[in-house]
Amino acid sequence: MTAPLSYSPEARAALDTGRAVVALESTIITHGMPYPQNLETARAVEAEVRAAGAVPATIAIQNGHIHIGLTEVELDQLAQTPDAMKLSRADLAACLAMGRTGATTVAATMICAHLAGIHVFATGGIGGVHRGAETSFDISADLSELAATPVTVVAAGAKAILDLPKTLEVLETLGVPVIALGQDKFPAFWSRSSGLTAPLRMDSAAEIAAAHLMRARIGLPGGQLIANPIPKAAEIAREDITPVIEAALSEAEAQGISAKAVTPFLLQRIFELTEGRSLASNIALVLNNARLGAAIALEIERQT
């Protein structure tokens, strides 16, 4: 039996000819922002990948198939689907079996990208260990996926609403390489530095591509996390965003919000409390990650 993969013409042609392809997630479209801004952002991210010389493949679940790349019509349909499932490893197969529409998180996008033979995935920020996880056990499946699935993930670190020290500890325990690009500090999504030292540092896409290929050569499972700091012009300084995050977390706790509802609630409240600045920064960092993802994919193609 084979996986129910369906390819856009652009993605199919690129994979058939060995061109560099960058996977893109779809929860940023369905759960990250309202229509039509979500559609505009998705198109802008795809355009960044193309401008850098690679081919984008936005991944989503529609009509019982894993779509590797979306056509303009499919992208528009997804952007206007209010009840799309938010998919991780646990519910990916169920969504496919039920014929539902689903948007892929980091973990699900990694699985689908690997099935399609795509080596690089660009996103905003990964999930991780939530605050209070020592009692709630709320830890994102993104972390264990990074340990299992051989895809290089480009993100602006982990989402700053998380417990970042514990997130780095879990990644270390799982044997996931965490590589900061061009700096020694681990970035914190909206901020260039979390104040925490990154386990590894590399200064070029060529080094990152070489590490990706070396992992395969020596038989190491799993992928690697590339922590790409947000551009300076778009940064919200840590001292400015931290009190906002704390206020949003307090509201979530007071309202009893938990599980998958936590992250969308927090991002929406932070958007409101920063008067939209957080969303502008979010878009800037996703575009920046798309550019780096394309550069890494091109280097993997060149070094293979």
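The rules we used
Residues numbered from 1 in each chain as written. Predicted model: local features only at pLDDT ≥ 70, side-chain atom pairs only at ≥ 80, totals over all residues. Heavy atoms only, no water. Core = buried A, V, L, I, M, F, W, Y, C linked by side-chain atoms within 4.5 Å. Buried < 20%, exposed > 50% of the residue type's maximum accessible area, 1.4 Å probe, protein only. Helix = DSSP H or I, 4+ residues; strand = E, 2+ residues; numbered from the N terminus. Contact = heavy atoms within 4.5 Å. Polar contact = N/O pair within 3.5 Å; in protein donor to acceptor, adjacent residues only side chain to side chain. Phe/Tyr/Trp six-rings, centres within 6.5 Å; stacked < 30°, edge-to-face > 60°. Lys NZ or Arg CZ within 6 Å of the ring centre and 35° of its normal.

**Topic: the nonpolar core**
Okay, so step 1: Judged by nonpolar contacts, the single largest core of 93 residues is most densely connected at Ile68, Ile126, Trp190 and Ile296.
Okay, so step 2: Among the elements that take part in this core, helix α13 (residues 277-303) stands out by supplying 12 residues, more than any other.
Okay, so step 3: Ignoring sequence-local partners within four residues, the contact set of Ile68 consists of Leu5, Ser6, Tyr7, Ser8, Ala11, Ala57, Thr58, Ile59, Cys112, Ala116 and Ile118.
Okay, so step 4: One finds Ile29, Leu70, Leu75 and Ala79 within the second-largest nonpolar core, a separate group that totals 8 residues.

**A few points about the environment of Glu10**
Okay, so step 1: For Glu10, the position within the fold is in helix α1 (residues 9-16).
Okay, so step 2: Residues Glu10 and Leu115, spaced 105 residues apart in sequence, show a C-alpha to C-alpha distance of 17 Å.
Okay, so step 3: For Glu10, the residues in contact, after removing those within four places along its chain, are Arg50, Val55 and Pro56.
Okay, so step 4: One polar contact links Glu10 to Arg50, side chain to side chain, over a distance of 2.8 Å.

**Looking at the packing of aromatic side chains**
Okay, so step 1: Considering all chains together, one arrives at 1 aromatic pair under this definition.
Okay, so step 2: Between Phe189 and Trp190, the ring centres sit 4.9 Å apart and the planes meet at 75 degrees, which makes this aromatic pair edge-to-face.
Okay, so step 3: Taking the relative accessible area as the measure of exposure, Trp190 reaches 2% and is therefore buried.
Okay, so step 4: In this structure, Arg12 is placed above the aromatic ring of Tyr7, and the distance from its NZ or CZ to the ring centre is 4.1 Å.

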